[in-house]
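Residue strings, one per chain:
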Amino acid sequence: MILLRQLLGDVLRRLRVRQGRTLREVSTLARVSLGYLSEVERGQKEASSELLASICGALGIPLSQVLREVSDQFALAELQAAPVLADVPDHERIPLGESVSGSISDSVFPEVKNMVAA
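Residues numbered from 1 in each chain as written. Predicted model: local features only at pLDDT ≥ 70, side-chain atom pairs only at ≥ 80, totals over all residues. Heavy atoms only, no water.

Following the sequence through the fold, Ser27 ends up in helix 2 (residues 23-30). Those residues in contact with Ser27, other than ones at most four positions away along the chain, are Val32, Ser33, Leu34 and Leu37. (Helix = DSSP H or I, 4+ residues; strand = E, 2+ residues; numbered from the N terminus. Contact = heavy atoms within 4.5 Å.)

One finds Leu12, Ile55, Leu59 and Val66 to be the most contacted residues of the largest nonpolar core, which totals 20 residues. Where this core is concerned, the elements lending two or more residues are helix 1 (4-18), helix 2, helix 3 (34-41), helix 4 (49-59) and helix 5 (63-81). Ranked by the residues each element gives to this core, the list is headed by helix 4, at six residues. Excluding its chain neighbours within four sequence positions, the residues that come into contact with Ile55 are Leu12, Val26, Ala30, Leu37 and Val40. (Core = buried A, V, L, I, M, F, W, Y, C linked by side-chain atoms within 4.5 Å. Buried < 20%, exposed > 50% of the residue type's maximum accessible area, 1.4 Å probe, protein only.)

Pairing is possible between side chains of opposite charge, provided their charged atoms come close. Evaluated as defined, the whole model comprises four salt bridges. The shortest N-O distance in the salt bridge between Arg13 and Glu41 comes to 3.8 Å. Placement of the pair is Arg13 in helix 1 and Glu41 in helix 3, with a sequence separation of 28 residues. Residue class for Arg13 comes out partly exposed when judged on its relative accessible area of 27%. In this structure Glu41 comes out as buried when scored by relative accessible area, which is 4%. Linked through salt bridges whose partners overlap, the residues forming this network are Asp10, Arg13, Arg16 and Glu41. (Salt bridge = Lys/Arg side-chain N within 4 Å of Asp/Glu carboxyl O.)

Quick look at the structure:
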């Protein structure tokens, strides 16, 4: 099962590391304990919307960008898990379209489409 909190933590960590920031720096700016921020990044804690907004503010990144990246990662994870549905009877399946690449809109998920095509 794909856990949203793990994907969210991965995105937050990747953004923080990309900026060359430490957990301590971000936790101080976000006014959240170092340990709690670490648990959020490791996907062990569910962050409230207020906490996410605070972390994003500390990183100088709009919450919408973080959620968009999480959404793209979630979509990719779902597509990678799709073969598991091979044992599901046809009448219980949700149609995905003619092909995986054909079911992803270029305008909505261009990054995900490129990842799947690779």
